[in-house]
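Spelled out, the chains give:
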Amino acid sequence: AMAPTLRRGEVVLTNEFMYLFDRPKPCDVVLVTNPLSRTLFVRRVAGRGKDRVAIRNGEIFLNGGRLECFGVPLLPEEGKRGLPSYPETEIPEGHVFVLNDEVRLIPDSRQWGALPKTAVQAKVSQILISRKGPRQQGDLDWERIGRSL
C-alpha cells in the first residue's frame with residue numbers, strides 16, 4: 001500500500017518521540033493505529049487540523065494546491081486513471097488525514113475519517129533493511145538501505 005516508498009517486508013526505523021514536541025506535517029510517513037482493528041499501518045500524512053484535503057482527477061489537493069512530497073506527486077501519471085474522487089474535507093483540529101502512497105488502495109482516512117493525533121504512534125524515518133526479489137527474499141538492496149523517508 002505504500003509502494004513505491006516502501007516495499008512489503010522492509011524494516012524501518014521509527015521515532016516515537018518526534019511528535020511529543022511537534023505535530024505531524026503533510027508528507028510525513030507515519031505509523032498509525034487503525035481505529036477499526038487496532039492494528040498498525042504505515043501511511044503518509046496528507047493534512048492536519050484545519051487543513052482542507054481533496055482528491056480530484058487523480059490528484060491530491062491540500063488547501064487548494066496540489067500536494068507533492070519530495071517534489072514528486074503522490075500519484076504516478078499511470079495511476080491517475082480510475083481513481084475515485086474524494087470531496088474537499090476540512091480536518092478537525094487535533095486530527096490528521098492519512099493516505100496510502102498507492103492511493104487506489106484503502107484502508108486510510110477515506111474509510112476511517114480523520115484520525116486523532118493520538119493515533120499517530122511514530123514517524124517513520126528510514127529504511128533499515130531491504131531485500132531484492134519476490135517477497136523480499138533475495139540479496140540485500142543496498143540502494144534502498146538507509147534511505148530517508
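Above this note sits the structure.
Residues numbered from 1 in each chain as written. Predicted model: local features only at pLDDT ≥ 70, side-chain atom pairs only at ≥ 80, totals over all residues. Heavy atoms only, no water.

When its secondary structure is counted, the protein shows two helices and 12 strands. Reading the protein from its N terminus to its C terminus gives the helix and strand order β-α-β-β-β-β-β-β-β-β-β-α-β-β. Out of the 149 residues in the protein, the part that is buried amounts to 44%. Look at the contacts in the protein between residues 6 or more apart in sequence, and 59% of them connect residues 24 or more apart. Of the accessible surface of the protein, which amounts to about 8400 Å², a share of 53% is contributed by carbon and sulfur atoms. (Helix = DSSP H or I, 4+ residues; strand = E, 2+ residues; numbered from the N terminus. Buried < 20%, exposed > 50% of the residue type's maximum accessible area, 1.4 Å probe, protein only. Contact = heavy atoms within 4.5 Å. Areas by Shrake-Rupley, 256 points an atom, 1.4 Å probe, with all protein chains shown as cover.)

Topologically, Asn34 is positioned in the loop between strand E2 (29-33) and strand E3 (40-48). Polar side-chain contacts of Asn34 include one of 2.6 Å to the backbone nitrogen of Leu36. Here Asn34 is in contact with Thr39, Phe41, Pro107 and Trp112, once residues within four sequence places are set aside. (Polar contact = N/O pair within 3.5 Å; in protein donor to acceptor, adjacent residues only side chain to side chain.)

The subject of this paragraph is the environment of Val124. Position of Val124 among the secondary structure elements: in strand E12 (residues 120-129). With a relative accessible area of 1%, Val124 lands in the buried category. Taking C-alpha positions, Val124 is 5.4 Å from Val29, a pair spaced 95 residues apart along the chain. Leaving out residues up to four positions away in the same chain, Val124 has contacts with Val12, Leu13, Thr14, Val29, Val30, Leu31, Val42 and Leu149.

The next subject is the pattern of salt bridges. A full pass over the atoms with the stated rule returns nine salt bridges. As a salt-bridge pair, Asp22 and Lys25 come within 2.3 Å of each other at their nearest N and O atoms. According to the relative accessible area criterion, Lys25 is partly exposed, its value standing at 33%. Here Arg44 ties to Asp101 by a salt bridge, and the two come within 2.7 Å at their closest N and O atoms. Here Arg44, found in strand E3, pairs with Asp101, found in the loop between strand E10 (95-99) and helix H2 (109-112); they are 57 residues apart in sequence, far enough to count as distant. Each member of the pair, Arg44 as well as Asp101, carries the same accessibility label: buried. (Salt bridge = Lys/Arg side-chain N within 4 Å of Asp/Glu carboxyl O.)

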